[in-house]
Structures are given as structure tokens and as C-alpha cells.
Amino acid sequence: MSAILIFETVSPKSDVIDIRQPYRASRIIPHCIQQELKSKQYNSTPWSNNSPWKIPKKLSSPKWKNPTTGYPIHPRPTTSPPPSPSAGHLCHAHHPLNLPALNDLRNKRVILASQSPRRKQIISFLGLPKLEIIPSKADEDLPKSLGPFEYVLATAQKKAQAVYEQEIDNEELGEPALILAADTIIVDPSSGSILEKPRSEAHHVAMLRSLRDVRDHKVYTALVAMAPLSSARDPGYAMETTVEETDVRFDSEVTDELILAYVRTREGADKAGGYGLQGLGSILVEKIDGSYDNVIGLPLKATLKLIESVIQKADDEEGLSDEEDEDLE
């Protein structure tokens, strides 16, 4: 039976750790590093005489037993043996997606035109090392008289174009290879009204009560990707867009007391519709039909498809005729 070795406990002030309670630890040694610890480098075991990790001689003393469980406990290691490079490589969480469009972008500027930490976290899964966060400064003042689909798409386009115009002639960093913008709205199907971020606590409470009473609502996220054309011909960029739709059902048993308590956590204060499905806001929701990360603000599957499409469209030099090529020169 393999033992579980623990680096550190939740409390940094604790001198001992209970090896029978690994759930109390903030980290455990991954299996591949355990194998490294058994190598000759550590004299077959991390608990050897040559190891910096020491076990007290009086291990059987009551001092070294958990007073609650009676299980033996070991002292915290004074130093941590450094894992070898091979162990670190084997324990890496995952390798990035090996796709041509993403591989091409990994040494180029990629801009997310949003200050949302949730969108940043989701797009980070694509493994783009030179990702920059440059929020759009464009006013989101389009008339709500537009239909939900038209409104959310036009807003996302406005964000993308504002950042494109700002960064395309950046002499210091160079032009970006990709700009991605998004906008998310929530729509009450009964009235067709667009719900964005709450303006006040009272407005926030009223918004969530309305969503509970109506039960069902729709979440739309518009995605816009822009990339400079290889040929540099007018208008100078390729643009691809898409709108993702998800149906959400609120739990009818959510009480006014719970709504008020949730509003006062401030979790949903900066979110369209006033709740965050990825956090405490999930207690308000009964079910969803569609993309989960669309409700959070960035549907990853649709984003990847959009990136692949716009990168392919931007590589337009092969499609130029000889006359067009001469005109550009």
C-alpha cells in the first residue's frame, strides 16, 4: 500500500500533521514525485538518515499522537526536497491544445477586450502565453429598443473595433494577431427586456425576484474576433462573429430572504442579470439548457471555433490574383 506524504497543512503555524487526515493538507506529493523520492537521489526513502526530513526519536510518545483520533502524527518537514526536472514535467497538469490556429498565436499578441476575470480564466485554458487584457473604452450606449440578438452583437463589435483601432498601430508592441471581445446579456422572455448589471441594491433585489417569478430566462453572449489580414487589403482586418444562447430556469422555492442575503454578498453586483452561476449564484438556479460557460460570460467551444475561423480568413494572401497582388505592392 502506498503512503500519502504531505508537504504542509492548512495552518502554517502547526508543527505537526496527521497523516491519516490528508484532506486537511493544502498540498500532497503527486504520485510521480513520490517515485522520484524513492530514487537513489534520496537514498531510497525520504525518511532516510541522509534526508533533511527528520522523524523524532520518541515517535511513540503521546506527544506524537492526535488527541482526537489517536492516530500517529509526523512533524512538518523542515525543508522540501526539490523534485527533479523530469518529475516536474510528468506532473504538469496538461499540455496545451495542439491545433494550428492556436500554435500560430502562441508567439503573437492576443488581446481579450474585457476586464472580466471570469472571461480571462476561461480563455486561459487555450494556452496563449502572450494574452493581454485591454478592456474596451467604448460606451455601451446602444438603444435597448434593438432586439436582444442585435443589441448584444452590436455591443461586442463596438468593443472589438475600439480596441483594434487603439492597438493596430502600436509601435512598441506591434499589431495584435487576434482581438477577442464579448458581451453578455440576460433577457426576460415574458417582456423581452434586457437585463444587464444591477444599478443599486434595490434594483438588484428586484431583478432577482423577477427572474425567480418568471422562472425561465435566456442568456446571450456575443463573441467577436478580429485579425489583421495578411494581404493588408481594405478594410485591413478579418472579422468573425457568433451569438450563443442558453436557457436558464430559476428555482421557484428561492425565498426573498435568500435573495437579499445573496445580493448583500456583492457577488452578482458586476454581472449581467445580477448572479454568478459559477459561484454562490448557483443556489438560485434549478437547471440550464445549453452552454454552462456561456452563462459565465465566454463559451469556450464557440470561442475556439471563432478563433480558428478568423485566423483562416485572415490568411488571405493565397487567394489574391496577380493583379490584386501588384496593386498591393
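It should be emphasised that the depicted structure is a prediction, and the values quoted were computed from it without experimental measurement.

## Points about the overall build of the chain
Piece 1. The helix and strand tally for the chain stands at ten helices and eleven strands.
Piece 2. With 329 residues in all, the chain has 41% of them scored as buried.
Piece 3. If you take every contact in the chain between residues at least 6 apart in sequence, the share linking residues at least 24 apart comes to 67%.
Piece 4. Only carbon and sulfur atoms are counted for the fraction: they give 51% of the accessible area of the chain, which is about 18800 Å².

## Considering helix H6 (residues 201-214)
Piece 1. Over its 14 residues, H6 extends 20 Å from the first C-alpha to the last, a length consistent with the 20 Å expected when each residue adds 1.5 Å.
Piece 2. Within H6 the residues assigned to the buried category are His204, Val205, Met207, Leu208, Leu211 and Arg212. The buried residues of H6 occupy an angular sector of 160° when the element is viewed end-on, so they sit on one face. Every exposed residue of H6 that faces more than 90 degrees away from the buried side is listed here: Ala202 and Asp213.
Piece 3. Those residues of H6 hidden inside the fold are in contact with strand S7 (178-188), strand S8 (193-195), strand S9 (216-228), strand S10 (237-250) and helix H7 (256-263).
Piece 4. After H6 finishes, the residue Arg215 shows a positive phi value of roughly 75°.

## Side note on the pairing of S9
Piece 1. A large share of S9 lies buried, amounting to eleven of its 13 residues.
Piece 2. Bridging between S7 and S9 involves nine bridges; their strand directions are antiparallel. Paired with Leu180 across the strands is Ala225, a residue of S9.
Piece 3. As defined by bridge partners, S9 adjoins S10 across 13 bridges and the pair is classed as antiparallel. If you follow Ala222 over to S10, its bridge partner there is Val243.

## Section: unusual backbone geometry
Piece 1. A cis amide bond links Asp234 to the next residue, Pro235, at an omega of 10°.
Piece 2. Here Pro235 is to be found in the loop between S9 and S10.
Piece 3. Positive phi values are uncommon outside glycine, yet Arg215 reaches one of about 75°.
Piece 4. Checked against the element boundaries, Arg215 lands in the loop between H6 and S9.
Piece 5. With a phi close to 70°, Arg266 is a non-glycine residue in the positive phi region.

## As for the pattern of salt bridges
Piece 1. Summed over all chains, the structure comprises 17 salt bridges.
Piece 2. Glu132 is the salt-bridge partner of Arg109, the closest N and O atoms lying 2.7 Å from each other. With a gap of 23 residues between them, Arg109 in the loop between helix H3 (100-105) and strand S5 (110-112) and Glu132 in strand S6 (residues 131-133) connect regions that are remote in the sequence. Across this residue pair, the class does not change: Arg109 and Glu132 are buried.
Piece 3. For Asp256, the salt bridge goes to Arg209, with nearest N and O atoms at 3.6 Å. With Asp256 in helix H7 and Arg209 in helix H6, this pair connects stretches of sequence that are 47 residues apart.
Piece 4. Overall, the relative accessible area of 36% leaves Arg209 in the partly exposed class.
Piece 5. Salt bridges here are not isolated pairs; linked through shared partners, they connect Arg209, Arg212, Asp213 and Asp256.

## Remarks on the packing of H6 against H7
Piece 1. The N-to-C vectors of H6 and H7 enclose an angle of 135°; their axes lie 10 Å apart at closest approach. Overall, the two elements H6 and H7 adopt an arrangement that is oblique. Between H6 and H7 lies a crossing whose hand is right-handed. Judged by residue contacts, Glu201, His204, Val205, Leu208, Arg209 and Arg212 of H6 engage Asp256, Ile259, Leu260, Tyr262 and Val263 from H7.
Piece 2. Of the residues belonging to the contact of H6 with H7, the class tally is six nonpolar, one polar and four charged.

## A closer look at the packing of aromatic side chains
Piece 1. Tallied over the entire structure, the rule returns two aromatic pairs.
Piece 2. Residues Tyr164 and Tyr237 carry aromatic rings whose centres are separated by 5.1 Å and whose planes lie at 65° to one another, so their mutual orientation is edge-to-face. Here the residue Tyr164 occupies a position in helix H5 (residues 148-167), and Tyr237 occupies one in strand S10, the gap between them amounting to 73 residues.
Piece 3. Relative accessible area serves as the criterion here: at 22%, Tyr237 is assigned to the partly exposed category.
Piece 4. Ring plane angle 75° and centroid distance 5.1 Å describe the contact between Phe250 and Tyr275, whose orientation is recorded as edge-to-face.

Rules of the game
Residues numbered from 1 in each chain as written. Predicted model: local features only at pLDDT ≥ 70, side-chain atom pairs only at ≥ 80, totals over all residues. Heavy atoms only, no water. Helix = DSSP H or I, 4+ residues; strand = E, 2+ residues; numbered from the N terminus. Buried < 20%, exposed > 50% of the residue type's maximum accessible area, 1.4 Å probe, protein only. Contact = heavy atoms within 4.5 Å. Areas by Shrake-Rupley, 256 points an atom, 1.4 Å probe, with all protein chains shown as cover. Expected span 1.5 Å × (residues − 1). Arc of directions from axis to C-beta. Pairing = 2+ DSSP bridges. Salt bridge = Lys/Arg side-chain N within 4 Å of Asp/Glu carboxyl O. Axes fitted to C-alpha atoms, helices over the stretch in contact; angles between N-to-C directions. Parallel < 35°, antiparallel > 145°, perpendicular 65-115°, else oblique. Left-handed = near helix turned anticlockwise from the far one by under 90°. Nonpolar A, V, L, I, M, F, W, Y, C, P; charged D, E, K, R; others polar. Phe/Tyr/Trp six-rings, centres within 6.5 Å; stacked < 30°, edge-to-face > 60°.

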